[in-house]
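# Per-entry structural report
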Amino acid sequence: MSEQQAPYGGAPTTGTTGTAPGSARTPRVVRTTTLQRWKDEGRRWAMLTAYDALTASVLDEAGVPVLLVGDSAGTTVLGQPSTIAVTVEEMLVLTRAVVRGTQRALVVADLPFGSYQQGPAQALATGVRMLKEGGAAAVKLEGGTAVAPAVRALVDAGVPVMGHVGFTPQSEHALGGYRVQGRGESADRLVADALAVQDAGAFAVVVEMVPSAVAARLARELRVPVVGIGAGPGTDAQVLVVTDMAGLGGGRSPRFVRRYADLRGELARAATAYVADVEEGTFPAAEHEFED
């Protein structure tokens, strides 16, 4: 077995820095300070979700600088109807897996619903677990002014925090479903929420499903990076769910998604071919056998 190959198709035991465009300008290990420098330099960057070691290793080697272990795992991995049912224990398992598959990217772990809403003490306890037990470099939580005290408690304790305003999936029932936020007079309130999270110490703020003009305004007014999803091109960075980006999920994609591959189709074709080979007796072939 070579140094780079693990048994049974596992993640590589050692890694590379990646050869993706722009990787030569990317440091060996991405830090929150790296992202702030990129904001100051006007350099845009990409973030993708990841939920397992193999996918994380591919994305890391491809040059994705930030990996989010999203509670979107509820729908993409665990088969749940929304993110709300995801538990802290499930997030810890997924976060540990992603960290094991990552050598360069900054790994951010979502705090799931119910793990920080009780206040700063609960948020701090969960955040510490994500770093101490999960191995994440930072955490993300949803909300604006209301969660600013929790953000401050985490940051003061040494837990880097990424904020999340606009459409917040954990609050889908309170928001009346998947609806664009920040339209009309509510734009000022959204900006105030983002500023409150920033001023509490967040190193970046995700803004989801808001008008492009509002997101661009946030990128101008906030001194920390603004990460858009369904927020137009005017933000400092972009994030997508990896299964959406790679075309692994079925059904209709959200309007803001661009599919860069058809992994669902490729996997189906591979599985169909495998089934046929087994049924026809052409697999395993001689080259797959062990001699006496």
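Residues numbered from 1 in each chain as written. Predicted model: local features only at pLDDT ≥ 70, side-chain atom pairs only at ≥ 80, totals over all residues. Heavy atoms only, no water.

- Per an unreviewed UniProt entry, the recorded name for the chain is 3-methyl-2-oxobutanoate hydroxymethyltransferase, and the organism is Pseudokineococcus lusitanus.
- If you open the UniProt record of the chain and go to Sequence similarities (unreviewed entry), you find "Belongs to the PanB family."
- Recorded in UniProt under Catalytic activity (unreviewed entry), the annotation for the chain is "(6R)-5,10-methylene-5,6,7,8-tetrahydrofolate + 3-methyl-2-oxobutanoate + H2O = 2-dehydropantoate + (6S)-5,6,7,8-tetrahydrofolate". (UniProt positions renumbered as here; feature names shortened; annotations may be inferred.)

### Focus on the overall build of the chain
- Secondary structure summary: the chain contains 11 helices and eight strands in total.
- A buried classification covers 46% of the 292 residues belonging to the chain.
- For the chain, long-range pairs separated by at least 24 residues make up 57% of all intrachain contacts whose partners lie at least 6 apart in sequence.
- Of the accessible surface of the chain, which amounts to about 14700 Å², a share of 55% is contributed by carbon and sulfur atoms. (Helix = DSSP H or I, 4+ residues; strand = E, 2+ residues; numbered from the N terminus. Buried < 20%, exposed > 50% of the residue type's maximum accessible area, 1.4 Å probe, protein only. Contact = heavy atoms within 4.5 Å. Areas by Shrake-Rupley, 256 points an atom, 1.4 Å probe, with all protein chains shown as cover.)

### Some points on the UniProt feature "binding site: Mg(2+)" (unreviewed entry) in the chain
- As recorded in UniProt, the sites labelled "binding site: Mg(2+)" (unreviewed entry) are D71, D110 and E142. The greatest C-alpha distance among the residues just named is 11.1 Å, despite their covering 72 residues of sequence, which places them together in space.
- Residue position: D71 is located in the loop between β2 (66-69) and α3 (73-76).
- The class of D71 is buried, set by a relative accessible area of 5%.
- Summarising the element assignment, E142 is placed in the loop between β4 (138-140) and α6 (148-156).

### Concerning the environment of W38
- Tracing the backbone shows W38 in helix α1 (residues 32-41).
- A C-alpha to C-alpha distance of 9.8 Å links W38 and A237, two positions 199 residues apart in sequence.

### Comments concerning the packing of aromatic side chains
- All chains considered together, the criterion is met by one aromatic pair.
- Between the aromatic rings of Y274 and F283, the centroid separation amounts to 6.0 Å while the plane-to-plane angle is 65°, which identifies the pairing as edge-to-face.
- Since its relative accessible area comes to 48%, Y274 is described here as partly exposed.
- Residue placement shows R43 over the ring face of W38; its charged tip is 4.0 Å from the ring centre. (Phe/Tyr/Trp six-rings, centres within 6.5 Å; stacked < 30°, edge-to-face > 60°. Lys NZ or Arg CZ within 6 Å of the ring centre and 35° of its normal.)

### Considerations on the nonpolar core
- L67, M130, L141, V151, V207 and L218 are the most contacted members of the largest nonpolar core, which totals 58 residues.
- Ranked by the residues each element gives to this core, the list is headed by helix α8 (residues 186-199), at six residues.
- Those residues in contact with L141 that sit more than four places away from it in its chain are L111, Y116, V147, A150, V151, V161, M162, G163 and H164.
- Within the second largest apolar cluster, 18 residues are counted, among which are L68, A138, M162 and V206. (Core = buried A, V, L, I, M, F, W, Y, C linked by side-chain atoms within 4.5 Å.)

### A look at the pairing of strand β6 (residues 204-208)
- A large share of β6 lies buried, amounting to five of its five residues.
- A two-sided burial pattern is seen for β6, the buried positions comprising A204, V206 and E208 on one face and V205 and V207 on the other.
- The sheet contact formed by strand β5 (residues 161-166) and β6 spans five bridges and is parallel. In the strand pairing of β6, M162 is matched with A204.
- Where β6 meets strand β7 (residues 226-229), four bridges bridge the pair, whose relative direction is parallel. (Pairing = 2+ DSSP bridges.)

### Looking at the side chain of T243
- Summarising the element assignment, T243 is placed in helix α10 (residues 242-245).
- Setting aside its immediate chain neighbours within four residues, T243 contacts T76, L248 and G249.

### Focus on the pattern of salt bridges
- This structure, assessed with the given rule, holds 11 salt bridges.
- Notably, a salt bridge pairs D199 with R223, separated by 3.6 Å at the nearest N-O pair. Taken as a pair, D199 in helix α8 and R223 in the loop between α9 (212-221) and β7 lie far apart in primary sequence, 24 residues in all.
- A relative accessible area of 51% means that R223 is categorised as exposed. (Salt bridge = Lys/Arg side-chain N within 4 Å of Asp/Glu carboxyl O.)

### Section: α1
- Those residues of α1 that fall on the buried side of the exposure criterion are T34, L35, W38 and K39. One side of α1 holds all its buried residues, which, seen down the axis, span an arc of 140°. Residues of α1 that are exposed and angled more than 90 degrees away from the buried face: T33, D40 and E41.
- Looking at the buried side of α1, the elements it contacts are β1 (45-49), β2, β3 (106-110) and α9.
- Backbone geometry just after α1 places G42 at a positive phi near 80°. (Arc of directions from axis to C-beta.)

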